[in-house]
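So you can see what is in the structure, the chains are spelled out below.
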Amino acid sequence: MTDADDLRRRTDELLAAHPPATTERLEFLRARFDAGLAWVHFPRGLGGLDAPRSLQAVVDAELEAAGAPGNDPGRIGIGLGMAAPTILRFGTDEQKQRFLRPLWTGEEVWCQLFSEPGAGSDLAALATRAVREDGGEAGSGGDWIVDGQKVWTSSAHLARWAILIARTDPGVPKHRGISYFVCDMTDPGVEVRPLRQITGEAEFNEVFLTGVRIPDAHRLGAVGEGWKVAQTTLMNERVAIGGARMPREGGMIGVAAADWRARPELRTHDLHQRLLKLWVEAEVARLTGERLRQQMTKGQPGPEGSGMKLAFARLAQEISGWEVEFLAEDGLTYDDWTMRRPDGVDFTGREAGYRYLRAKGNSIEGGTSEVLLNIVAERVLGLPPEPRTDKDVAWKDLPR
């Protein structure tokens, strides 16, 4: 049974064998993964020790104190937060061995090919097709040929691999005709184009797939059960976006509070009352996220992650709006509109104007707030679902 003392001993052994001051960063990360200290709740041999998830904090604290390098989670967040738990749950042994180690060390960046121009909020309406070459059967070792378009794809310009859902059977209702694949972003037929945002940057992309060949060995889950697999990805995505661990007064509320303390000449009673309200709401959201992470130690995340993501989006927009108003004309300045393709997203970076504009995307990315409200209403509160007239209609017969 792995406990905190055992993890400290293992961490000390890792640091003794690979001193951070003299060990190359990638070598250290690989050694940490092989020692089972990457994500301790994962199985042995896959970066973990079958230990309780809560004990990861013990390892992280010891390594941080020793100055050990990290794996830059801001750059590889899609791989860590979405691809890895999906591969762990639905992948074959070969897929787990192939993908998880370079995913965690950051040697291979991942992106998510889910949303489409006509299938964003209604993701199951997606039209990207995957056709079995020569009509082969699943498990025959043949390839799938994929054609379609994806949009709002973070990190596609950096990614080696993508998690992809595509329609494999248009003759059944939309949720039942989808399959889930791992797509090599370097393969012929994959074209990535930047989408410039209101911030001036292009962290998102649109991806065109033209005759892309994916081997059946890169399919996750059974043919036609891609929606079931995708639910694991989506639930983990919402927890990753809205439930990140942070200290009290961390994140955007911390930036706003620092501004308040630094600029007493701009304070008013109304702004003070609004800031206090936002501070309390941010603290409630932080503590709720901590409770959700504790629940996750006992299994897969549930629909509660949708509630956390909802709170994150609303608070980010309200806090950044407060900050722009508080700073008056200084809140309207913007340092640089240069077109950039960043490696990651820093929701608290740059100046107030950037934070205000970037926060507008928080209620769209990772599931729109409107869709998440439906999920919370139906799956958390148990309210009656909205009527869905297309539930039992074959996808090919749906009006478009």
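Here goes a summary of the coordinates provided. (Residues numbered from 1 in each chain as written. Predicted model: local features only at pLDDT ≥ 70, side-chain atom pairs only at ≥ 80, totals over all residues. Heavy atoms only, no water.)

Thoughts on the pairing of strand S1 (residues 110-113)
Residues in a regular strand project their side chains so that they alternate between the two faces of the sheet.
Thinking step 1. Of the two faces of S1, the one lined by Trp110 and Gln112 and the one lined by Cys111 and Leu113 are each fully buried.
Thinking step 2. Sheet analysis places S1 next to strand S4 (residues 161-167), joined by four bridges and oriented parallel. The partner of Cys111 across the bridge, within S4, is Ala162. (Buried < 20%, exposed > 50% of the residue type's maximum accessible area, 1.4 Å probe, protein only. Helix = DSSP H or I, 4+ residues; strand = E, 2+ residues; numbered from the N terminus. Pairing = 2+ DSSP bridges.)

Considering the environment of Pro20
Thinking step 1. Topologically, Pro20 is positioned in the loop between helix H1 (4-17) and helix H2 (25-34).
Thinking step 2. Through-space distance from the C-alpha of Pro20 to that of Pro247 is 26 Å; in sequence the pair is 227 residues apart.
Thinking step 3. Filtering out sequence-adjacent residues up to four positions away, Pro20 remains in contact with Leu15, Phe28, Ala66, Gly67, Ala68 and Pro69. (Contact = heavy atoms within 4.5 Å.)

Focus: the side chain of Asn71
Thinking step 1. Here Asn71 shows up in the loop between helix H3 (56-65) and helix H4 (77-90).
Thinking step 2. A relative accessible area of 10% means that Asn71 is categorised as buried.
Thinking step 3. Among the polar contacts made by the side chain of Asn71, one reaches the main-chain carbonyl oxygen of Trp104 at a distance of 2.9 Å.
Thinking step 4. Setting aside residues up to four positions removed in sequence, Asn71 forms contacts with Arg25, Leu29, Ile76, Leu80, Trp104 and Thr105. (Polar contact = N/O pair within 3.5 Å; in protein donor to acceptor, adjacent residues only side chain to side chain.)

A closer look at the packing of aromatic side chains
Thinking step 1. Taken as a whole and judged by the stated rule, the model has 13 aromatic pairs.
Thinking step 2. Ring centres of Trp260 and Phe326 lie 5.5 Å apart, and the angle between their planes is 35°; this geometry places the pair in the tilted category. Taken together, the residues span a long stretch of sequence, with Trp260 in helix H7 (residues 251-262) and Phe326 in helix H9 (residues 304-326) at a distance of 66 residues. Side by side, Trp260 and Phe326 carry an identical accessibility label, which is buried.
Thinking step 3. Pairwise contacts between aromatic rings join Phe33, Trp39, Phe42 and Trp104 into one cluster.
Thinking step 4. Here the guanidinium or amino end of Arg193 rests over the ring plane of Phe208, the centre of that ring lying 4.1 Å away. (Phe/Tyr/Trp six-rings, centres within 6.5 Å; stacked < 30°, edge-to-face > 60°. Lys NZ or Arg CZ within 6 Å of the ring centre and 35° of its normal.)

Quick look at H4
Thinking step 1. Between its first and last C-alpha atoms H4 spans 19 Å; for 14 residues at 1.5 Å apiece the expected length is 20 Å, and the two agree.
Thinking step 2. The principal kink in H4, of about 40°, is found at Ala83, preceding the proline Pro85 by one to four residues.
Thinking step 3. Counting buried positions along H4 gives 11 out of 14 residues, so the element sits mostly inside the fold. (Expected span 1.5 Å × (residues − 1). Bend = angle between axes of the 7 residues up to and from the residue.)

A short note on the state of the cysteines
Thinking step 1. Taken as a whole and assessed by the stated rule, the structure comprises zero disulfides.
Thinking step 2. Of all cysteine sulfurs in the structure, the one in Cys183 sits closest to Cys111, which takes part in no disulfide; the separation is 7.8 Å.
Thinking step 3. Its relative accessible area of 0% is what places Cys111 among the buried residues.
Thinking step 4. Owing to a relative accessible area of 0%, Cys183 belongs among the buried residues under this scheme. (Disulfide = S-S within 2.5 Å.)

As for the pairing of S4
Thinking step 1. Burial within S4 is extensive, with seven of its seven residues counted as buried.
Thinking step 2. The side-chain alternation of S4 yields two buried faces, one formed by Trp161, Ile163, Ile165 and Arg167 and the other by Ala162, Leu164 and Ala166.

Things to note about unusual backbone geometry
Thinking step 1. In the Ramachandran plot, Asp50 falls in the positive-phi region, its phi being about 55° despite a non-glycine side chain.
Thinking step 2. Tracing the backbone shows Asp50 in the loop between H2 and H3.
Thinking step 3. One non-glycine residue, Trp152, lies in positive phi territory at about 60°.
Thinking step 4. Here Trp152 lies in the loop between strand S3 (143-150) and S4.

Side note on the pattern of salt bridges
Thinking step 1. What the rule picks out here adds up to 38 salt bridges.
Thinking step 2. Between Lys277 and Glu281 there is a salt bridge, and its shortest N-O distance comes to 2.7 Å. With Lys277 and Glu281 both in helix H8 (residues 269-296), this residue pair falls four residues apart, about one helical turn.
Thinking step 3. Using a relative accessible area of 21% as the deciding quantity, one classes Glu281 as partly exposed.
Thinking step 4. Overlapping salt bridges, with partners in common, bring together Glu201, Asp335, Asp336, Arg340 and Arg350 in one network. (Salt bridge = Lys/Arg side-chain N within 4 Å of Asp/Glu carboxyl O.)

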